[in-house]
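# Observations on the model geometry
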Amino acid sequence: MTTPRRRVQFPSDDTQCAAWYYPGTNGACVVMAGGFAVPKEPATDQFARRFHEAGFSVLAFDYRGLGESGGAPRLVFPVGRQLADWRAAINFARSRPGVDPGKVALWAFSASGGFVLSVAASDPHLAAVIAQTPNADGLAALRNARRHQKAAAMLRFTGRALLDAAGSLVGQPPRLVALTGPPGTVAMLTTPDSLDGQRALHAADYPHWQQQVAARSALRIAFYRPGRHVRRIQVPLLVLVCDDDQTSLAAPAAKAAHRAPRGELSRMPGGHYEPFLDGHDHAVDVELDFLQRHVLPRPAQLGMSAKRL
């Protein structure tokens with residue numbers, strides 16, 4: 001990647017989170033993180049570069065226990081801890097030289113797309129939020145995922161998750177499962193479009209990506225329903241859904257967009273990873289248009305400010 005960026009760290013509770021920081025030119029910053037157990041590079045490189053080219057600063061971070069961030073045990077992701085990492089990242093972005101604290105926006109996809117709904121519901125000072133193919137209703141996604149998994153494999157997965165949860169109480173290391181796999185394998189996701197992730201996120205270019213997660217974390221995320229919080233989101237929200245998404249269903253995400261007071265919905269064909277594949281340019285265009293409309297002052301607004309001065 002030729003886009004200029006530098007490694008930075010920021011504290012989240014007593015642990016350091018690692019991030020890439022891309023200094024921009026327009027005073028605004030987009031804070032980004034990957035989907036569930038996906039490090040910052042495969043998850044954000046493609047979109048971060050495009051946002052930075054448009055003048056935005058970007059802060060792309062790893063959750064604690066993932067990638068280059070600290071924290072142990074590894075690959076264990078309590079939802080509350082991930083939400084705390086978002087808030088720490090936002091505070092760090094607001095402190096960057098050249099960044100207007102009132103022009104900080106969020107971008108995330110998949111499970112993290114759900115997390116930013118919860119974060120935005122409690123932070124009215126954000127400039128805007130983009131939730132791309134978000135998991136807005138874990139239970140609905142779980143019911144759909146069961147259609148693409150064999151009963152025996154689902155029982156093995158559940159058993160491993162329960163053993164992992166019990167083992168954590170006595171300090172045993174996490175019992176890991178694959179992030180994705182074909183039906184019949186013990187994996188977090190076996191939906192048809194989940195297998196597109198290897199190609200969409202250029203997994204071969206990131207050999208450090210373990211592509212596993214603690215079984216107990218994979219089980220718990222199924223009961224997370226962030227779409228319930230959207231009525232409390234006071235800032236502009238863009239929800240981008242893919243109509244054929246079998247991993248994070250389009251219907252709950254679209255419902256969340258309609259329920260949010262300042263929600264906007266953009267639909268496109270394809271599965272969960274289409275915004276990283278053939279639909280990438282379209283997704284970027286939609287998201288940049290949204291950011292430019294809601295985060296950056298328009299020429300008329302600048303003129304009015306000059307007259308007041």
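See the structure printed just above.
Here the structure is a predicted model, which means the values were calculated and not measured.

In this fold, V129 is placed in strand 6 (residues 128–134). A residue is classified by how much of its surface remains accessible, and V129, at 0% relative accessible area, is buried. Between the C-alpha atom of V129 and that of V235, which follows or precedes it by 106 residues, the distance is 7.4 Å. Among residues more than four places away in sequence, those in contact with V129 are L106, V116, A120, V235, P236, L237, L238 and F290.

Moving on, we get to the nonpolar core. Counting 99 residues, the largest nonpolar core has F51, L59, W86 and L291 as the members making the most contacts within it. Contacts of L59, omitting those with residues within four sequence positions, involve V8, F10, A19, W20, Y21, C29, V30, V31, M32, A89, F92 and A93.

With that settled, the discussion passes to the sheet that holds strand 8 (residues 187–189). Read across the open sheet, the three strands follow the order 8-7-9; overall the sheet is mixed. One side of each edge strand has no neighbouring strand; the edge strands of this open sheet are strand 8 and strand 9 (212–214). Averaged over neighbouring strand pairs, the angle between their axes works out to 40° when direction is ignored. As paired strands, strand 7 (residues 176–180) and strand 8 are joined by two bridges and run parallel to one another. Bridge pairing in strand 8 links A178 to A187. On the sheet, helix 5 (residues 151–168) packs against strand 7, strand 8 and strand 9 and is oriented at approximately 135° with respect to strand 7.

Under the definition given, this model contains 14 aromatic pairs. With centroids separated by 5.1 Å and ring planes inclined at 85°, the aromatic side chains of F61 and W86 adopt a geometry described as edge-to-face. Here the residue F61 occupies a position in strand 4 (residues 57–61), and W86 occupies one in helix 2 (residues 79–94), the gap between them amounting to 25 residues. Taking relative accessible area as the criterion, F61 reaches 1% and is therefore assigned buried. Note on W86: relative accessible area 0%, which makes it buried. Taking 5.5 Å as the distance between ring centres and 55° as the angle between the ring planes, the aromatic pair formed by F115 and Y224 counts as tilted. Of this pair, F115 sits in helix 3 (residues 110–121) while Y224 is found in the loop between helix 7 (215–220) and strand 10 (237–242), placing the two residues 109 residues apart along the sequence. A single burial state applies to F115 and to Y224, both of which are buried.

Let's shift gears to the layout of surface pockets. Rolled over the atoms, a probe as big as a water molecule pinpoints where empty space is left. By volume, the largest pocket is sized at about 670 Å³. Forming the walls of the largest pocket are 40 residues, and the residues nearest its centre are L179, M188, L189, A218 and I221. Every element with two or more residues in the lining of the largest pocket is listed here: helix 3, helix 4 (138–146), helix 5, strand 7, strand 8, helix 6 (197–200) and helix 7. Sorting elements by how many residues they give to the lining of the largest pocket places helix 4 first, with five residues. A per-class count over the lining of the largest pocket returns 22 nonpolar, 17 polar and one charged.

In this section: the packing of helix 2 against helix 3. In helix packing, the relevant descriptors are the interaxial angle and the interaxial distance, both defined with respect to the helix axes. For the pair helix 2 and helix 3, the least separation of the axes is 10 Å and the interaxial angle reads 65°. The two elements helix 2 and helix 3 meet at a crossing, and its hand is right-handed. Within the contact between the two elements, helix 2 uses V79, Q82, L83, W86 and I90 and helix 3 uses F115, V116, S118 and V119. Grouping the constituent residues of the contact of helix 2 with helix 3 by class yields seven nonpolar, two polar and no charged.

Attention now goes to unusual backbone geometry. Generally, phi is negative for residues other than glycine and the peptide bonds are trans, each holding for most cases. P73 follows A72 through a cis peptide bond whose omega is 0°. Along the polypeptide, P73 turns up in the loop between strand 4 and helix 2. Backbone geometry places S110, a non-glycine residue, at a positive phi of 60°. Relative to the helices and strands, S110 is located in helix 3. What makes S110 buried here is its relative accessible area of 12%. Even without being glycine, T133 reaches a positive phi, approximately 40°. Residue placement: T133 occurs in strand 6.

Thresholds applied
- Residues numbered from 1 in each chain as written.
- Predicted model: local features only at pLDDT ≥ 70, side-chain atom pairs only at ≥ 80, totals over all residues.
- Heavy atoms only, no water.
- Helix = DSSP H or I, 4+ residues; strand = E, 2+ residues; numbered from the N terminus.
- Buried < 20%, exposed > 50% of the residue type's maximum accessible area, 1.4 Å probe, protein only.
- Contact = heavy atoms within 4.5 Å.
- Core = buried A, V, L, I, M, F, W, Y, C linked by side-chain atoms within 4.5 Å.
- Pairing = 2+ DSSP bridges.
- Axes fitted to C-alpha atoms, helices over the stretch in contact; angles between N-to-C directions.
- Phe/Tyr/Trp six-rings, centres within 6.5 Å; stacked < 30°, edge-to-face > 60°.
- 1 Å grid on protein atoms, 1.4 Å probe; cavity = no way out; pocket = protein on both sides within 12 Å on 5 of 7 lines; lining within 4 Å.
- Points joined across faces, edges and corners; volume = space filled by probe spheres on them.
- Nonpolar A, V, L, I, M, F, W, Y, C, P; charged D, E, K, R; others polar.
- Left-handed = near helix turned anticlockwise from the far one by under 90°.

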